[in-house]
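Structural description and commentary
Below are the chains, spelled out letter by letter.
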Amino acid sequence: MVPLVPDTDNDDTAPESLFAVLRHAVLDGPGSTPSRVRHVVAHAKLDEVSHELRGYVDTMREHAWRSTDEQVRDLLTVGWSEDQVFELTVAVALGAGQRRLDAGLAAIARAQTRQATEPVTAVPAQAAAWPVAEVTRHAAA
Amino acid sequence: MRLPSLSRSWRFSDRVKLKMIRIASGRPPADILKILHYRREFFGEPFTAWVHQVLRGPSEWSIGERELMATFVSNLNECRFCAGSHGAIVDATLGPELTAAVLADWRTAPLRAPLRAAFALLETLTLQPGEVGPELVEAAYEHGVTEQGVRDVVHVCAIFCTINRIADAVDFAIPDDKGFQGDAYQLLKRGYAIS
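Residues numbered from 1 in each chain as written. Chains lettered and ligands numbered in written order. Predicted model: local features only at pLDDT ≥ 70, side-chain atom pairs only at ≥ 80, totals over all residues.

**Section: the overall build of chain A**
For chain A, the count of helices and strands is five helices and zero strands. When the helices and strands of chain A are read in sequence order from the N terminus, they spell out α-α-α-α-α. Looking at chain A residue by residue over its 141 residues, the buried ones come to 34%. When contacts within chain A are restricted to residue pairs at least 6 apart in sequence, those whose partners lie at least 24 apart make up 49%. (Helix = DSSP H or I, 4+ residues; strand = E, 2+ residues; numbered from the N terminus. Buried ≥ 20, exposed ≤ 12 C-beta atoms within 10 Å, placed from the backbone. Contact = placed C-beta atoms within 7 Å.)

**A word on the interface of chain B and chain A**
At the interface, 57 residues of chain B touch 49 residues of chain A. For the side of chain B that touches chain A, the secondary-structure elements that each account for two or more residues are helix H3 (44-56), helix H4 (63-76), helix H5 (80-93), helix H7 (113-127), helix H8 (134-142), helix H9 (147-170) and helix H10 (177-190) of chain B. For the side of chain B that touches chain A, the element with the highest residue contribution is H9 of chain B, accounting for 16 residues.

**Focus on the environment of Gly 84 of chain B**
All names here are of chain B. Mapping Gly 84 onto the fold places it in helix H5. Between the C-alpha atoms of Gly 84 and Tyr 141, which are 57 residues apart in sequence, the distance is 30 Å. Not counting the four nearest positions on each side in its chain, Gly 84 is found in contact with Ile 174 and Phe 180.

Laid out in structure tokens, this is it:
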């Protein structure tokens, strides 16, 4: 796994640092579900997830748009509170986000390694001349 | 919303704030605001600090371009609420024609080359994160995107792969066009941070 805070240990406004703060709050902060359970659902370790949660976690992780009223109602019926379902929902979602963050940062790291070990190819001259992106109407207001 | 108690348990100052939003806008606050203010230390505060930095902080991508990325990822994840919310911001900044063109087919949409390379990365990272290799990053570099620019793209993807799932799991109500436009104006004016 790529370190989440690669070169920005002293910059608490770097996106990697801000994500690390969020991750800590959601997975390790005070909550109505044990931190261990939040970690398990965030990493979608389905073998370790209780039976009644397994379908919900899987739906959330792979195709959340298919989640249903019944899935949430079933969790509440077997004894999870709304607060707990909220925490677990956020933890699963964050895990899906982190999966993309890790994959993207790993790809950047592998590109760096390849650049260091392979002959450098010149960047097209026009690349430096791409126009700065447009200014928004509202942002200027 | 599937977890109705999340609409009732806010700190006093947030209840006042959301009441003011209701009065000013003439409609109930969007469900996303209810979620972000529910136990805000757990999720809303740290999440919006991250979002604000990525979508409004310094970047080689314009605000409109980052919002277009957000719309694209949300559309891939089939999240109607987020695609509509951020699409309305793109409509207001880059124009509705570009939003429609990108959602129809980003490969043929009139995008500058660095942005097109970003969309190639976003598509694979969103749908098949295990398939993302250095080639997509190097392709972006070849079109002039810096390493920080690629990092920004990765963070936009991570943010929306998170919030899209929450929006759909909790079943956020979908505003009408006027509602989306009003929210877009506020998000352009004020940004995302709630603290």
